[in-house]
Amino acid sequence: MEQDNKIYDVCIVGAGFSGLVLAIKLARAGLLVCLTELNRVVGRRILSTGNGRCNYTNRRMGPEYYYSNSILDFMPDKQCELRDFLREIGVLERELDGYFYPITNQAKTVRDALENEIETLNIDVFLDNRVTDISKTDIFTVTTHRRKILSKKVCIASGGLSAATLGSSKIGYKMASKYHLKLTKLAPALVGLSGNDICLKELGGVRALGAVTYRNHTCEGEIQFNKDGVSGYPVMCISRFIGLDELDKKVASLSVDFVSFMNDQELENELKSRFARNNNLDITKSLVGLANEKVIQIVVSYSRIYPDTLVCKLDDEDIKNLVQNFKHFSINITGTKGFDSSQVTAGGVDLDGIDLTTMEAKTEKGLFFIGEVLDVDGICGGYNLTWAYTSADIAANAIINEV
Ligand SMILES: Cc1cc2nc3c(=O)[nH]c(=O)nc-3n(C[C@H](O)[C@H](O)[C@H](O)COP(=O)(O)OP(=O)(O)OC[C@H]3O[C@@H](n4cnc5c(N)ncnc54)[C@H](O)[C@@H]3O)c2cc1C
């Protein structure tokens, strides 16, 4: 096992987005910094973000886009600062309806720019070094499976449990427990759902706009139905609640509103006026334009109406059933597709144990936590990378101010 006598000011566990940002900010301020990373490259996860395009932030920002067991009022809006930071290292931006991407449309641009800056600043990076323990006497000793690193401060930026093939471990949670911090429940979030409801066999392949509700959480957007589950933006955004319920084996059903632009009464009126306009049309023709074609067929079938029924034959009960199935279509789901398919981890190191003005553990001076390892998860739209940046920036300012 290697050990040199260098004593770093800060050793950062994990060279993901938050760890790289922190390292750059500290090194620019003249601190001696190192990064330890279990992968053979830095920022591997960044390459997969935003379907390979890296949606790194969003013009709409605020605690309301995030979940945690703690109150997130402290969270500053750093999206402009993050964009400036990336621009400064060469990442030019492209904005699409408030969502920011690199102008190259390549996530690799973001990773490469961060790596170039790390090289320019001569930051020591220990790749293929899986951290196994962190201990403290006067200073910290960070043990990897290859070396021991001495450091005055340590920042854990080891991420969550999602997409393990991109690099993940439980080290952050283990060290939190070792240093007497609490963990909240961990569950996959921003993930597709599994189900074996018969309706999925029929809806498989359909992409339809609508609102998805799970218990009292609703989100709107394009829903993607597969033969064995559901995904798409609104499903991903509420999936964390299903992930958490799965832990207690109490997953409820999903309700889909295929006509979210009208309330129940408006839809009833719309149906009645359509049926009155031409009462010799068959039901499926009469509903054209109200929802996706396949959705119409399934809603009609689930309302126990034959597809060739003339609308003049429908009664109030049929109309009520149609409204019910268009607006409250119930799908039985079994759970999420799991951590490996998820983009982020819900839950983590409890914020109660962290000084949120510095990101330092209240229980251990000099030990910091940033990024996804903490109990903060954002919805789709650049919020998780923004949190990684925000927490890194808070820690950087605190560490720099202290020296
Ligand atoms: C497919 C996918 C798409 C995504 N798309 C987006 C998106 O478009 N926008 C967005 O905002 N967010 C997106 N996310 C989420 C985002 O990537 C993460 O929230 C963010 O990268 C978290 O940053 P982090 O630095 O906290 O953790 P990570 O980026 O996960 O970095 C942690 C690093 O620590 C290393 N590590 C772990 N354990 C150890 C150990 N024991 N020793 C040494 N190193 C260790 C890991 O290998 C990793 O490199 C996506 C995630 C995935 C999986």
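Every chain is numbered independently, its residues counted from 1 as its sequence is written. Whole-chain, interface and lining totals are the exception, using all residues; otherwise, since this is a predicted model, local features are given only for residues with pLDDT of at least 70 and side-chain atom pairs are given and counted only at 80 or more. Just so you know, side-chain values use all the structure's heavy atoms and leave hydrogens and water out.

A closer look at the site of the ligand
We call a residue near a molecule or strand as soon as one heavy atom of that residue lies within 4 Å of the molecule or strand. Every one of the 33 residues lining the ligand counts as a neighbour, but Ser18, Glu37, Ser169, Glu372 and Leu385 are closest to it. Identification of polar contacts relies on pairs of N or O atoms within 3.5 Å, with a donor-acceptor requirement for protein atoms, meaning one able to donate a hydrogen and the other able to accept it, and with residues adjacent in sequence counted only if both atoms are side-chain atoms. Asn39 places a polar side-chain atom, nitrogen or oxygen, 3.4 Å from an oxygen atom of the ligand. Computed on the free molecule, the ligand has an accessible area of 1,000 Å², of which 95% lies beneath the protein chains in the complex. Sorting the residues of the shell around the ligand by element identifies α1 (17–28) and α11 (383–402) as the ones contributing at least two each. Classes in brief: Ala, Val, Leu, Ile, Met, Phe, Trp, Tyr, Cys and Pro nonpolar; Asp, Glu, Lys and Arg charged; the others, Gly included, polar. Along the lines of polarity and charge, the residues of the shell around the ligand split into 10 nonpolar, 19 polar and 4 charged. Per-residue and other accessible areas were derived by the Shrake-Rupley procedure at a 1.4 Å probe size, with only the shown protein chains allowed to occlude residues. Counting from the N terminus, the helices are DSSP H or I runs at least four residues long and the strands are E runs at least two residues long.

Some thoughts on the domain arrangement of the protein
Interfaces are frequently sized by the accessible area removed from exposure as the parts join. You can read the domains of the protein as domain 1 (2–187 + 346–402) and domain 2 (192–337). If you look at the interface, domain 1 gives 10 residues, while domain 2 gives 9 residues. Once two parts are put together, the accessible area they lose, assessed with a 1.4 Å probe and summed over both, is termed the buried area. For the pair domain 1 and domain 2, the two sides together bury roughly 800 Å², of which 67% comes from carbon and sulfur. For the domain 1 face of the interface with domain 2, the top three residues by lost area are Tyr67, Lys185 and Cys380, together amounting to 53%. When a carboxyl oxygen of Asp or Glu is within 4 Å of a side-chain nitrogen of Lys or Arg, the pair counts as a salt bridge. On inspection of domain 1 and its partner domain 2, the count reaches 2 salt bridges. Close ionic contact of Lys185 with Asp248 constitutes a salt bridge, the shortest N to O distance being 3.3 Å. Counting across the interface, domain 1 meets domain 2 through 2 residue pairs in polar contact (both at pLDDT 80 or more). Of the residues that constitute the side of domain 1 that touches domain 2, the class distribution is 7 nonpolar, 1 polar and 2 charged. An automatic or database domain assignment supplies the start and end points of every domain. Only heavy atoms enter the contact rule, under which two residues are in contact if any of them lie within 4.5 Å.

Things to note about the nonpolar core
Here, nonpolar core means buried Ala, Val, Leu, Ile, Met, Phe, Trp, Tyr and Cys residues that are tied together by side-chain atoms lying within 4.5 Å of each other. Exposure is judged per residue with a 1.4 Å probe applied to protein chains only, and the accessible area is read against the type maximum: over 50% gives exposed, under 20% gives buried, and values in between give partly exposed. Counting 129 residues, the largest nonpolar core has Phe17, Ile134, Leu254, Phe258, Phe326, Met359 and Phe369 as its most contacted members. Tallying contributions element by element places α11 first for this core, with 10 residues. Both domains that meet at this core, namely domain 1 (2–187 + 346–402) and domain 2 (192–337), each give it at least three residues. Excluding its chain neighbours within four sequence positions, the residues that come into contact with Met359 are Phe74, Ile354, Leu367, Phe368, Phe369, Ile370, Leu374, Trp387, Ser391, Ile394 and Ala395.

Focus: the side chain of Thr109
Mapped onto the fold, Thr109 is located in helix α3 (residues 107–120). A polar side-chain atom of Thr109 sits 2.6 Å from a polar atom in the side chain of Thr104. Excluding residues within four positions of it along the chain, Thr109 makes contact with Val91, Pro102 and Thr104.

A short note on the packing of aromatic side chains
Each pair of aromatic rings is reported with the distance of its centres and the angle of its planes. A pair of Phe, Tyr and Trp rings is counted when the ring centres sit within 6.5 Å of each other, with Trp represented by its six-membered ring. The angle between the planes then sorts it: under 30 degrees is stacked, over 60 is edge-to-face, the rest tilted. Summed over the entire model, instances satisfying the criterion amount to 9 aromatic pairs. Aromatic side chains Tyr67 and Phe241 sit 5.0 Å apart centroid to centroid with 85° between the ring planes, which places their arrangement in the edge-to-face category. With Tyr67 in strand β4 (residues 66–67) and Phe241 in helix α6 (residues 233–247), this residue pair connects regions lying 174 residues apart in the sequence. Ring pairs connect the aromatic residues Phe225, Phe258, Tyr302 and Phe329, which therefore count as one cluster. Cation placement over rings: the criterion is NZ of Lys or CZ of Arg within 6 Å of the ring centroid and within 35° of the ring normal. Positioned over the ring face of Tyr101 is Arg53, at 4.6 Å from the centre of the ring. Positioned above the aromatic ring of Phe241, the side-chain terminus of Arg240 is 5.0 Å from the ring centre.

As for the side chain of Ser342
Counting through the fold element by element, Ser342 comes out in the loop between β18 (335–336) and β19 (344–346). Residue Ser342 is classed as buried on the basis of its relative accessible area, which comes to 3%. Of the polar contacts made by the side chain of Ser342, one reaches the backbone oxygen of Phe339; its length is 2.8 Å. Leave out the neighbours within four places in its chain, and Ser342 touches Ser162, Ala163, Pro188, Ala189, Leu190 and Val191.

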